[in-house]
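# Examining the three-dimensional arrangement
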Amino acid sequence: MRIDIITCLPDLFEGPLTQSIVKRSISKGLVELKIHNLRDYSSNKHLNVDDYAFGGGAGMVLMIEPIDKCISKLKAEREYDEIIYLTPDGETYNQGIANQLSLKKNFILLCGHYKGVDQRVRDHLITKEVSIGDYVLSGGELAAMVLTDSLIRLVPGVLNDETSALSDSFQDNLLAPPVYTRPSDYKGWKVPEVLTSGHEANIDSWRQEQALKQTKERRPDLLQ
Ligand code: SAM
């Protein structure tokens, strides 16, 4: 999988995407992740990438030209399955969308800023619009990190235990069952006996029951 992220704040990506599973997936050669600074595509001597909104009103708008130049350069180098704009009015992201996207290969993620991007970017350059929830962030960078992290963990070979992504919440429309580790008794708070019994079939059915119970209690909507 290759993910190209277009942003006017590239330094924001240095922490979260250079650690842990994302870092390992890149060093294993399973994922390529490239961050593109929108300002490198500015034709303006001050490297501006935004301008006032036509019609007036508060807030700047990201201009189409640098975005078009960056996307065109990337598209000339390889084919992209999706060019995704992160936006609060996009389709709300969930595990189902993550699963579908994870079957594809190359993505561009475009991060907006200020009031957003010139509408012509959305009309002519983007193939999909995704929101990470009904709230407004200052920029698309955190949303791009959310998509990147959730997609990368689904790439075969990225997680050490291949099955662990499959037993996470939202796979099969269920929440994950509770998990415990040592000690089995802490201050009298005991781990359910079945988990230390060594009886695999019983452990599996306990986990199934618990997943169903959690889902009924917390997210009954997932069962409909
Ligand atoms: N004016 C826009 C609106 O009201 O829909 C909000 C712009 S927001 C301040 C700046 C940028 O943050 C957006 O262009 C988008 O890229 C990103 N963003 C904000 N909230 C988001 C969300 N919930 N999901 C995905 N991206 C989001």
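This write-up is about the structure you can find in this document. All of these numbers come straight from a predicted model, not from anything done at the bench.

## With respect to the sheet that holds strand β6 (residues 106-111)
Across a sheet, strands are paired by hydrogen bonds formed along the backbone, either parallel or antiparallel in direction. With parallel pairing, 5 strands are arranged side by side in an open sheet as β2-β1-β6-β5-β7. Both outer strands of the open sheet, β2 (32-37) and β7 (128-131), are each paired with one neighbouring strand and no more. Geometrically, the sheet is characterised by an average inter-axis angle of 30° between neighbouring strands, direction not taken into account. As paired strands, strand β5 (residues 82-92) and β6 are joined by 5 bridges and run parallel to one another. Note on β6: the bridge partner recorded for Y85 is L110. In the packing of helix α2 (residues 64-77) onto the sheet, the strands contacted are β1 (2-7), β2, β5 and β6, and the crossing angle to β1 comes to about 165°. Running over the sheet, helix α3 (residues 95-102) touches β5, β6 and β7 and is turned about 175° from β5.

## Side note on the site of the ligand
Around the ligand, the surrounding shell holds 20 residues, and the nearest of these are Y85, L86, G112, Y135 and L137. Contact between the ligand and L86: an oxygen atom at 2.5 Å from a main-chain N or O atom of the residue. Here I132 contributes a backbone N or O atom positioned 3.0 Å from a nitrogen atom of the ligand. Cavity membership is defined here by more than half of the atoms lying within 2 Å of grid points; on that basis the ligand lies in the second largest pocket. Mapped onto the shell around the ligand, the elements with two or more residues apiece are β5 and β7. No other element matches β5, which puts 4 residues into the shell around the ligand.

## Overview of the packing of aromatic side chains
What the rule picks out here adds up to 1 aromatic pair. Geometrically, the ring pair formed by Y186 and W189 is tilted, given 6.0 Å between the ring centres and 55° between the ring planes. Using a relative accessible area of 45% as the deciding quantity, one classes Y186 as partly exposed.

## A closer look at the state of the cysteines
Joining two cysteines, a disulfide is a covalent bond between their sulfur atoms. The final tally for this structure, using the stated rule, is 0 disulfides. Free of any disulfide, C8 has its nearest neighbouring cysteine sulfur in C111, separated by 8.1 Å. You can call C8 buried: its relative accessible area is 4%. Free of any disulfide, C70 has its nearest cysteine sulfur in C111, 11 Å distant. The exposure class assigned to C70 is buried, which follows from its relative accessible area of 0%.

## Remarks on unusual backbone geometry
Omega for the bond connecting R182 with P183 falls within 30 degrees of zero, at 5°, which places this linkage in the cis form. By the element assignment, P183 lies in the loop between α5 (141-152) and β8 (185-186). Its identity as a non-glycine residue notwithstanding, L47 has a phi of 60°, on the positive side. What makes L47 partly exposed here is its relative accessible area of 40%. The phi dihedral of D172 falls on the positive side, at around 60°, and the residue is not glycine.

## Considerations on the pattern of salt bridges
All chains considered together, the criterion is met by 13 salt bridges. R2 is the partner of D4 in a salt bridge, and the nearest nitrogen-oxygen pair spans 2.8 Å. Just as D4 is buried, R2 falls in that class too. Note that R120 and D118 form a salt bridge whose closest N and O atoms lie 2.6 Å from each other. The exposure class assigned to D118 is buried, which follows from its relative accessible area of 17%. Several salt bridges converge on common partners, so that one network encompasses R2, D4 and E32.

Rules of the game
Residues numbered from 1 in each chain as written. Predicted model: local features only at pLDDT ≥ 70, side-chain atom pairs only at ≥ 80, totals over all residues. Heavy atoms only, no water. Pairing = 2+ DSSP bridges. Helix = DSSP H or I, 4+ residues; strand = E, 2+ residues; numbered from the N terminus. Axes fitted to C-alpha atoms, helices over the stretch in contact; angles between N-to-C directions. Contact = heavy atoms within 4.5 Å. Near = heavy atom within 4 Å. Polar contact = N/O pair within 3.5 Å; in protein donor to acceptor, adjacent residues only side chain to side chain. 1 Å grid on protein atoms, 1.4 Å probe; cavity = no way out; pocket = protein on both sides within 12 Å on 5 of 7 lines; lining within 4 Å. Sits in = over half its atoms within 2 Å of the grid points. Phe/Tyr/Trp six-rings, centres within 6.5 Å; stacked < 30°, edge-to-face > 60°. Buried < 20%, exposed > 50% of the residue type's maximum accessible area, 1.4 Å probe, protein only. Disulfide = S-S within 2.5 Å. Salt bridge = Lys/Arg side-chain N within 4 Å of Asp/Glu carboxyl O.

Keep in mind these values describe shape, not function.
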